[in-house]
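Geometric and topological summary
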Amino acid sequence: MTELSVRAATPTIDIYIRLAQYPILADRVRDRMRQELFQSGIVHPDHFEREVRELALLSQRREGLGDPYFEENADAWQLRLERIRDTHTDVLFANNLGIARLDLLLEEVLSSRPAPSDTIPISFNPEIAPWEMLFQQGEIYERMSPEELARHHHHLEEIKVVLIKRLMSDQLPFIGVAKRVLSIGDLRRIHSHRIGTGKIGGKAAGMYLAWRSLQTVDELLSGHPDGRAEIHMPDSSFIGTDVIYEFFLMNKLEHYMNQKYRPVQEIRAEYPRIVEAFLATELPDYVVAEVRELLSAFGNSPIIVRSSSLLEDNFGFAFAGKYDSYYCGNQGTPEENLAAVLDAIRRVYASSLNPDALLYRRKHNLIDYDERMAILLQRVTGHWRGRYFYPDLGGVGFSQNPFAWSPEIRRDDGFLRLVTGLSLRAVERVAQDYPRLVALSHPQLRPEDSVEDKRRFSQRYMAAIEHETQDQVTVLAREGLAEAGPALSLVASLDTGDALVPAPPRLAPDEHIVLTFDGLTRDAAFITLMRTALKRLEEVYGSPMNLEFAVNFEWPDDPPEDATGRPPFYHLYVLECRPLYRRNADEPGLDLTPLRDKDRLFTMPTLLPSAAVDQIEYLVFIDPDRYYILPDGPERLRVADTVTALNDLLPAGRFGLIGPGRWGSLDSRLSVPVTYSDICNSKLLVEISPPYTPPPELAYGTDFYEDVVEAGIVVVGIQPGLEGSEMDWELLRGAPNRLTEFAPDAADLEALVRVIDLRAAAGSPLRIVIDNETNEAVACFDESQVSAQ
């Protein structure tokens, strides 16, 4: 027998609420629901009616009717049966077929009604109207003449807002932009590519809105002398945000829904077990069926399964890199490919509970928000080049350039971080591997002057999908580009030893390349494309913008071997877009003059934007000399664990970290391997780097850098021996060490990890000011901060 108890599960309630909005159609829709239950073999009609009768008798007993056949008249009994029958229908349909199928039935019933007239607008409440009614009425308005539409524009705008809130976002700044840019056709397209119910999430919404905003650029470039470009969005489908709740309920994972309120130590310790638990789950049948159909449509193209939570890429909070995304090679059998994508979906769902994400939300007072996870399923942009799949170009662009390495650079023209291959290496902080930075006002003006510096600060490795393993891999750029053909001359230069010259399409075994991207920076078509696109996004959003992208090159009229030296056609793909957070550079007190006579901890030249932070009471100092003599492995990971512990134990917002290499790089050979959640309570990050490494501004544009800027954390770098740099090593190495008071288990690391109480050691907290007028950063001990307490 099927379950007789009526469970108040979320899907059942959703069905009841949905049908309550259409009282005239509800009976007809429930008839269709029962027919589907019967035809699919879930329950036999006779069996169903027996269950309804038993449930009705049970409800009478609960009401205290001892002799139900005589204590209730026939009309009351029939009304009871009808209500029980409807409720039982809702329960069985919710538990077996789901809300997504109900929406399809509703649309079928609605679409079978006569179409509304094009000349007489219908009066209805859009907030409770069904999908098809909204789409049809919106399309009627959009077909009107401009004069007629002017009289009804407010109705069209209301319909758009309702659809945007249902499908994309309820964030008011986003709605304000989207209702001006998107058409009813856009919203219908999103709806038709959605699996399940709920919104498509912030990342997917931001991507679609950016692509749609750039269609005017596409039209503009088509008539421009340098307009060899088109702007695209990768083929995409969306798993709605409601599906994750259905996933939690059907797999009995509800106990993880309060994970965000647990102590930070529990959040970190339990996450590996959460991933294991999620990988052992089932996904709703309709999700599996629709993903199978999607894979069939994508053929053998590699696929990426991306997070798209409600808060991702939001105005004010980027959530950059907080949730996971997974590449699937899609080169196996259909069942192998399906299994890989379903596992990736499970992993993305698990990442909604990862420590970096939960602590980011806690840091920004978002922990109580219902942060549901949608999923974006996309065809990966690129081509197969031998055994590797990748786009010719990946990168991230900014409509405003926050620092300028030369006085000629115009900040309003923006800048790019370019890599070849998948864009991962443009947005991740990778030690000893560097993207090309391009100031769009002066694209050939580099931060590096000499051939040696151009060689040293270049990309050496690239991210790609490998055919045999079907995984995302990191390979030497020379290996990955072996069959790049004419694209090689656009991204690489031949290293002759004394000079860097354009690379040929094929390399001899003894020839060496440096990824300079000079072929691109010399092409006005590429620079015009990127500058125009970024400027357009800033105009539409009314805010500086961050755009992650991929570019494929095409030579339509030439065989690849004959295309060298000929300019390509550029296919720009929008991957992600969000407003760019800006620290308030106009705050008072950024003048360095009053600080020049103070005792200093450090002074350094910098190109970073103006910033200030004060009341730093503690410093955690990781001595680079001692760190680098540790064997790479567990001992260095213990240092990272100690930093994590101190992040939780020291007073939040009142301590800084000083250490070797690059904070946020997971390469323990060069840095202390930590992520955002390990340092999120600090207020200052100081990076001590040898002179052969670049300054920290070269990390601008990475997800980690964006995270710390959003959190109000100042990042500065010291290169000992570099002209203009000073550091008080005596204080850092000689002040009393309070490590064991906070982390007694780390007593054996006292010579390496030092916790300094600055009030006791220097008489006052630390104040740091970055002045972008003088290109200088100063950290001094300011006695006025003591009296301010």
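Residues numbered from 1 in each chain as written. Predicted model: local features only at pLDDT ≥ 70, side-chain atom pairs only at ≥ 80, totals over all residues. Heavy atoms only, no water.

1. Quick word on the overall build of the protein
- Scanning the protein for helices and strands turns up 31 helices and 28 strands.
- Here the protein holds 789 residues, and the buried ones make up 57% of them.
- The long-range share in the protein, meaning contacts at least 24 apart out of those at least 6 apart in sequence, stands at 74%.
- Accessible area of the protein: about 32,700 Å², with a carbon and sulfur share of 51%. (Helix = DSSP H or I, 4+ residues; strand = E, 2+ residues; numbered from the N terminus. Buried < 20%, exposed > 50% of the residue type's maximum accessible area, 1.4 Å probe, protein only. Contact = heavy atoms within 4.5 Å. Areas by Shrake-Rupley, 256 points an atom, 1.4 Å probe, with all protein chains shown as cover.)

2. As for the sheet that holds strand E8 (residues 388-390)
- Pairing is antiparallel across the open sheet formed by four strands, whose spatial order is E7-E8-E12-E13. Two strands close off the open sheet at either side, each with one partner strand: strand E7 (383-385) and strand E13 (472-476). Strand-to-strand twist across the sheet, computed as the mean angle between neighbouring axes with direction ignored, equals 50°. (Pairing = 2+ DSSP bridges. Axes fitted to C-alpha atoms, helices over the stretch in contact; angles between N-to-C directions.)

3. Things to note about the pairing of strand E19 (residues 599-605)
- Relative to strand E28 (residues 776-781), E19 is paired through six bridges, and the arrangement is antiparallel. The residue bridging Arg 600 from the neighbouring strand is Cys 780, located in E28.
- Two elements, E19 and strand E25 (residues 726-727), share two bridges in a ladder whose sense is antiparallel. Following the sheet pairing, Phe 602 is matched in E25 by Met 727.

4. Some thoughts on the environment of Leu 393
- Note on placement: Leu 393 falls in strand E9 (residues 393-398).
- Residues Leu 393 and Val 419, 26 residues apart in the sequence, show an inter-C-alpha distance of 6.0 Å.
- The residues touching Leu 393, leaving out its near neighbours within four places in the chain, are Leu 418, Val 419, Thr 420, Gly 421, Phe 517, Leu 520, Phe 526, Phe 549, Ala 550, Val 551 and Phe 553.

5. Concerning helix H27 (residues 703-710)
- For H27, the tally of buried residues reaches eight of eight residues, placing the bulk of the element in the interior.
- Along H27, the residues that are buried comprise Asp 703, Phe 704, Tyr 705, Glu 706, Asp 707, Val 708, Val 709 and Glu 710.
- Looking one or two residues beyond H27, the residue adopting positive phi is Gly 712, at roughly 75°.

6. Overview of the sheet that holds strand E27 (residues 766-771)
- Read from one edge of the open sheet, five strands run E20-E27-E28-E19-E25, paired in antiparallel fashion. Each edge of the open sheet carries a strand with a single partner, namely strand E20 (611-616) and E25.

7. Points about the side chain of Lys 322
- Inspection of the secondary structure puts Lys 322 in the loop between strand E4 (303-309) and strand E5 (325-328).
- With near-sequence residues (within four places) excluded, Lys 322 lies in contact with Asn 354, Asp 356, Ala 357, Tyr 360, Tyr 676 and Asp 707.

8. Some remarks on the nonpolar core
- Grouped together as the largest cluster of nonpolar side chains are 106 residues, with contacts concentrated most on Ile 345, Tyr 349 and Leu 601.
- Take this core: its biggest share by element is eight residues, from helix H16 (residues 334-351).
- Once you skip the residues sitting within four places of it in the chain, Leu 601 turns out to touch Leu 619, Ile 658, Glu 726, Met 727, Asp 728, Leu 731, Leu 732, Leu 766, Ala 779, Cys 780 and Phe 781.
- Listed in part, the 85 residues of the second largest apolar core include Ile 200, Met 207, Ala 477 and Phe 553. (Core = buried A, V, L, I, M, F, W, Y, C linked by side-chain atoms within 4.5 Å.)

9. Some details on the packing of helix H7 (residues 131-143) against helix H8 (residues 146-167)
- Where H7 meets H8, the closest approach of the two axes is 9 Å, and the angle between their N-to-C directions is 145°. With respect to the hand of their crossing, H7 and H8 are arranged in left-handed fashion. Counting all contacts with H7, which are made through Trp 131, Leu 134, Phe 135, Gln 137, Gly 138, Tyr 141 and Glu 142, the residues of H8 involved are Leu 149, His 152, His 155, Leu 156, Ile 159, Lys 160, Val 162, Leu 163, Arg 166 and Leu 167.
- Taken together, the residues of the contact of H7 with H8 sort by class into ten nonpolar, four polar and three charged. (Left-handed = near helix turned anticlockwise from the far one by under 90°. Nonpolar A, V, L, I, M, F, W, Y, C, P; charged D, E, K, R; others polar.)

10. Regarding the pattern of salt bridges
- Under the counting rule described, the total for this entry stands at 44 salt bridges.
- Note that Asp 86 and Arg 30 form a salt bridge whose closest N and O atoms lie 4.0 Å from each other. A residue pair is termed long-range when its members are at least 10 positions apart, and Asp 86 in helix H5 (residues 74-96) and Arg 30 in helix H2 (residues 23-39) qualify at 56 residues.
- When the shortest N-O distance is used, the salt bridge between Asp 370 and Arg 372 registers 3.1 Å.
- By relative accessible area, which is 19% here, Arg 372 ends up buried. (Salt bridge = Lys/Arg side-chain N within 4 Å of Asp/Glu carboxyl O.)

11. Things to note about the packing of aromatic side chains
- Scanning all chains against the criterion turns up 18 aromatic pairs.
- Look at Phe 247 and Phe 248: their rings are 6.2 Å apart centre to centre, the planes differ by 80°, and that puts the pair in the edge-to-face class. Of the two residues, Phe 247 and Phe 248, neither departs from the other in class, the shared state being buried.
- When the ring of Tyr 256 is compared with that of Phe 278, the centres are 6.2 Å apart and the planes differ by 50°; the resulting orientation is tilted. Separated by 22 residues along the polypeptide, Tyr 256 in the loop between helix H13 (243-250) and helix H14 (264-279) and Phe 278 in helix H14 bring together distant segments of the chain.
- Taking relative accessible area as the criterion, Tyr 256 reaches 14% and is therefore assigned buried. (Phe/Tyr/Trp six-rings, centres within 6.5 Å; stacked < 30°, edge-to-face > 60°.)

12. Side note on unusual backbone geometry
- Located in the positive-phi region is Asn 365, a residue other than glycine, with phi close to 55°.
- Inspection of the secondary structure assignment puts Asn 365 in the loop between helix H17 (355-363) and strand E6 (373-379).
- Residue class for Asn 365 comes out exposed when judged on its relative accessible area of 71%.
- Of note, the phi angle at Phe 517 is positive, near 60°, even though the residue is not glycine.
- By secondary structure assignment, the location of Phe 517 is in the loop between strand E16 (512-514) and helix H22 (518-521).

13. What about helix H15 (residues 285-298)?
- Under the 1.5 Å per step criterion, the end-to-end length of H15 is 20 Å for 14 residues, consistent within 8% with the ideal 20 Å.
- Looking at H15, one finds that the buried residues are Tyr 286, Val 287, Val 288, Val 291, Leu 294, Leu 295 and Phe 298.
- Phi turns positive, to about 65°, at Gly 299, one or two residues after H15. (Expected span 1.5 Å × (residues − 1).)

14. Thoughts on the packing of H14 against helix H25 (residues 634-649)
- At a minimum axis distance of 11 Å, the contact between H14 and H25 shows a crossing angle of 145°. Facing Val 264, Gln 265 and Arg 268 of H14, the residues of H25 in contact are Thr 644, Asn 647 and Asp 648.
- Partitioned by chemical class, the residues of the contact of H14 with H25 number one nonpolar, three polar and two charged.

15. Focus: the side chain of Asp 313
- Assignment of secondary structure puts Asp 313 in the loop between E4 and E5.
- A polar contact is formed between the side chain of Asp 313 and the side chain of Arg 578, at a distance of 2.9 Å.
- Aside from chain neighbours lying at most four places away, what touches Asp 313 is Gly 202, Lys 203, Ala 318, Glu 576, Cys 577, Arg 578 and Pro 579. (Polar contact = N/O pair within 3.5 Å; in protein donor to acceptor, adjacent residues only side chain to side chain.)

16. What about the environment of Phe 655?
- Mapped onto the fold, Phe 655 is located in strand E22 (residues 655-660).
- Each residue touching Phe 655, except ones within four places of it in the same chain, is listed here: Ile 616, Tyr 618, Leu 646, Asn 647, Leu 650, Asn 681, Ser 682, Lys 683 and Leu 684.

17. Some thoughts on the confidence of the model for the protein
- Taken over all residues, the pLDDT of the protein has a mean of 85, while the share at 70 or more is 88%.
- Element-level pLDDT for the protein is lowest in helix H31 (residues 784-787), with a mean of 54, against a maximum mean of 97 in E8.
- For residues 585-589, every residue scores under 50 in pLDDT, and the model assigns this stretch five contacts once sequence neighbours within four places are set aside. (pLDDT = per-residue confidence, 0-100.)

18. Quick look at the pairing of strand E23 (residues 684-688)
- Where burial is concerned, most of E23 is hidden: five out of the five residues are buried.
- The two faces of E23 match: Leu 684, Val 686 and Ile 688 on one face and Leu 685 and Glu 687 on the other face are all buried.

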